[in-house]
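Listed below are the residues making up each chain.
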Amino acid sequence: MSDLIHIAYVSLSNKELDETELDELLMDIRKRNKQQNVTGLLLYNDGSFIQVIEGKSKMLIELYEKIKQDHKHENIVKLLE
């Protein structure tokens, strides 16, 4: 049995992001996710994020804990795991 899981959550950005800031955020996320063998989807609209991340169970649970501590967003609500 595979230990691959996915986590989906929503959150609110602490500030409105412009296109340049979003591009920088995506480049950073893609680099870290590649290093950790994590895949996913990040959507942003009007100050709200929705993200789905997928990877090995232990890695993903640790990553989600780090995401919850990230100062770039707040009101993080896990939708499913």
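About the criteria used
Residues numbered from 1 in each chain as written. Predicted model: local features only at pLDDT ≥ 70, side-chain atom pairs only at ≥ 80, totals over all residues. Heavy atoms only, no water. Pairing = 2+ DSSP bridges. Helix = DSSP H or I, 4+ residues; strand = E, 2+ residues; numbered from the N terminus. Expected span 1.5 Å × (residues − 1). Buried < 20%, exposed > 50% of the residue type's maximum accessible area, 1.4 Å probe, protein only. Arc of directions from axis to C-beta. Contact = heavy atoms within 4.5 Å. Polar contact = N/O pair within 3.5 Å; in protein donor to acceptor, adjacent residues only side chain to side chain. Salt bridge = Lys/Arg side-chain N within 4 Å of Asp/Glu carboxyl O.

### Some details on the pairing of strand β1 (residues 4-13)
As judged from the nine bridges shared by β1 and strand β3 (residues 48-56), these two strands associate in the antiparallel manner. Directly across from Ile5, in β3, lies its bridge partner Gly55. Where β1 meets strand β4 (residues 73-80), five bridges bridge the pair, whose relative direction is antiparallel. Bridge assignment links Tyr9 to a residue of β4, and that residue is Lys78.

### Remarks on helix α1 (residues 19-35)
Because each turn of an α-helix spans 3.6 residues, side chains separated by three or four positions in sequence point in the same direction. Relative to the 24 Å expected for 17 residues at 1.5 Å per residue, α1 spans 25 Å between its end C-alpha atoms, a close match to the ideal helical length. Every buried residue of α1 is accounted for by Leu25, Ile29 and Asn33. Taken end-on, α1 shows its buried residues confined to a sector of 60°, consistent with a single buried face. The outward face of α1, more than 90 degrees from its buried face, is lined by the exposed residues Met27, Arg30, Lys31, Lys34 and Gln35. Where the residues of α1 are buried, they touch β2 (39-45), β3 and α2 (57-69). Structurally, the start of α1 carries an N-cap: the backbone nitrogen of Thr20 is 3.1 Å from a side-chain oxygen of Asp18. Looking at the residues trailing α1, positive phi occurs at Asn37, about 55°.

### As for the pattern of salt bridges
Per the stated rule, a full pass over the model turns up seven salt bridges. When the shortest N-O distance is used, the salt bridge between Lys56 and Asp3 registers 3.6 Å. Within this pair, whereas Lys56 is found in strand β3, its partner Asp3 is found in the segment before β1, the two being separated by 53 residues in sequence. The class of Lys56 is exposed, set by a relative accessible area of 51%. A salt bridge links Glu62 to Lys58, with the nearest nitrogen and oxygen atoms 2.6 Å apart. Of this pair, Glu62 and Lys58 both sit in helix α2, four residues apart, which is roughly one turn of the helix.

Read these as spatial facts, not as claims about activity.
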